[in-house]
Amino acid sequence: GDSVLYTIAQFSDGLLMIILMPILTRYLTQEDYGIVSTLTVIAFTLRTIFLLQQRNTVMRLYFDFEEGDPEREKFLSTSYFMVLGFGGIVTLVLMFAGPVLFAGVSDKIPFYPYIFLTLPVPFLNNVTYLPMVLYQIKRRATVFSALSIVRFVVTMMLALYFVVHLREGALGRVKGTFYGSII
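Residues numbered from 1 in each chain as written. Predicted model: local features only at pLDDT ≥ 70, side-chain atom pairs only at ≥ 80, totals over all residues. Heavy atoms only, no water.

Caption draft 1: Local environment of the pattern of salt bridges. Applying the stated criterion to the full structure yields 5 salt bridges. Residues D2 and R139 are paired through a salt bridge, measuring 3.4 Å at the closest nitrogen-oxygen approach. With D2 in helix α1 (residues 2-27) and R139 in the loop between α7 (129-137) and α8 (141-165), this pair connects stretches of sequence that are 137 residues apart. When its relative accessible area of 23% is taken as the criterion, D2 is described as partly exposed. Note on R139: relative accessible area 62%, which makes it exposed. The residue K74 makes a salt bridge to E71 at a minimum N-O spacing of 3.3 Å. Within this pair, K74 and its partner E71 are both found in helix α4 (residues 70-101), separated by 3 residues, close to a single helical turn. Here K74 falls in the partly exposed class, since its relative accessible area comes to 47%. (Salt bridge = Lys/Arg side-chain N within 4 Å of Asp/Glu carboxyl O. Helix = DSSP H or I, 4+ residues; strand = E, 2+ residues; numbered from the N terminus. Buried < 20%, exposed > 50% of the residue type's maximum accessible area, 1.4 Å probe, protein only.)

Caption draft 2: How the structure looks around the nonpolar core. Counting residues in hydrophobic clusters, the biggest one holds 20 residues, and the most contacted among them are L39, F102, Y114, I115 and L119. Sorting the residues of this core by element identifies α2 (30-51), α4, α5 (111-118) and α9 (169-182) as the ones contributing at least two each. What L119 contacts, discounting residues up to four positions off in sequence, is L46, T91, L94, M95, F102 and F111. Formed by 13 residues, the second largest nonpolar core is a distinct cluster that contains L76, Y129, V133 and I137. (Core = buried A, V, L, I, M, F, W, Y, C linked by side-chain atoms within 4.5 Å. Contact = heavy atoms within 4.5 Å.)

Caption draft 3: Layout of the packing of aromatic side chains. The tally for this structure, following the rule as stated, stands at 13 aromatic pairs. Grouped by ring-pair contacts, the aromatic residues F102, F111, Y112 and F116 constitute a single cluster. In this structure, R72 is placed above the aromatic ring of Y62, and the distance from its NZ or CZ to the ring centre is 3.8 Å. (Phe/Tyr/Trp six-rings, centres within 6.5 Å; stacked < 30°, edge-to-face > 60°. Lys NZ or Arg CZ within 6 Å of the ring centre and 35° of its normal.)

Caption draft 4: Representation of unusual backbone geometry in the model. Omega for the peptide link from Y112 to P113 comes to 0°, which places this bond in the cis form. Looking at the element boundaries, P113 is found in helix α5. Backbone geometry places Q53, a non-glycine residue, at a positive phi of 60°. Of note in the backbone geometry, R139 takes a positive phi value of approximately 60° without being a glycine.

Caption draft 5: Fine view of the side chain of R173. Here R173 is to be found in helix α9. Among the polar contacts made by the side chain of R173, one reaches the side chain of T177 at a distance of 2.9 Å. (Polar contact = N/O pair within 3.5 Å; in protein donor to acceptor, adjacent residues only side chain to side chain.)

Caption draft 6: Representation of the packing of α2 against α9. Two numbers describe how α2 lies on α9: the axes approach to 8 Å, and their chain directions differ by 30°. Comparing the axis directions of α2 and α9 gives the class roughly parallel. For α2 against α9, the interelement crossing comes out right-handed. The segment α2 lies against α9, with D32, I35, V36 and L39 engaging G169, A170, R173 and V174. (Axes fitted to C-alpha atoms, helices over the stretch in contact; angles between N-to-C directions. Parallel < 35°, antiparallel > 145°, perpendicular 65-115°, else oblique. Left-handed = near helix turned anticlockwise from the far one by under 90°.)

So this is what it looks like as structure tokens:
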């Protein structure tokens, strides 16, 4: 039942990446892959930090409250705004101070536009963390899976547009991820 849908959603990202790999390897150089990999590590690290373990906290404590308890709503909104507030502040600081802070990351990855467009992605992705966790808690696997898959497909379609159609290389992949995170 539900576990199958969650598994499909989880593995669809990887499966689609495997399918797209031959296409992307035709249009991205080794240097492009290095840039994309470095930026992926930065984005993943920031997203993990920005979540402040709130996903696990919400999953664990949600059922400690009775249905309709105003304290549950207060707990959920506090968790959500804490993640957004912390992530938003850190993102803004990094975007303004980034040229200095990221100066040593790589001489091949300029802050503008690569890192600058990567920094908001973890924050923007975390905007949907609470609704997605609630879909899991409330066992709405179909909605959770559909939203996960659609978001990933849209992001990859945007990346393909920028990489293949506009031939923007690593920057196209970064733009696709950035615009996909806005959705």
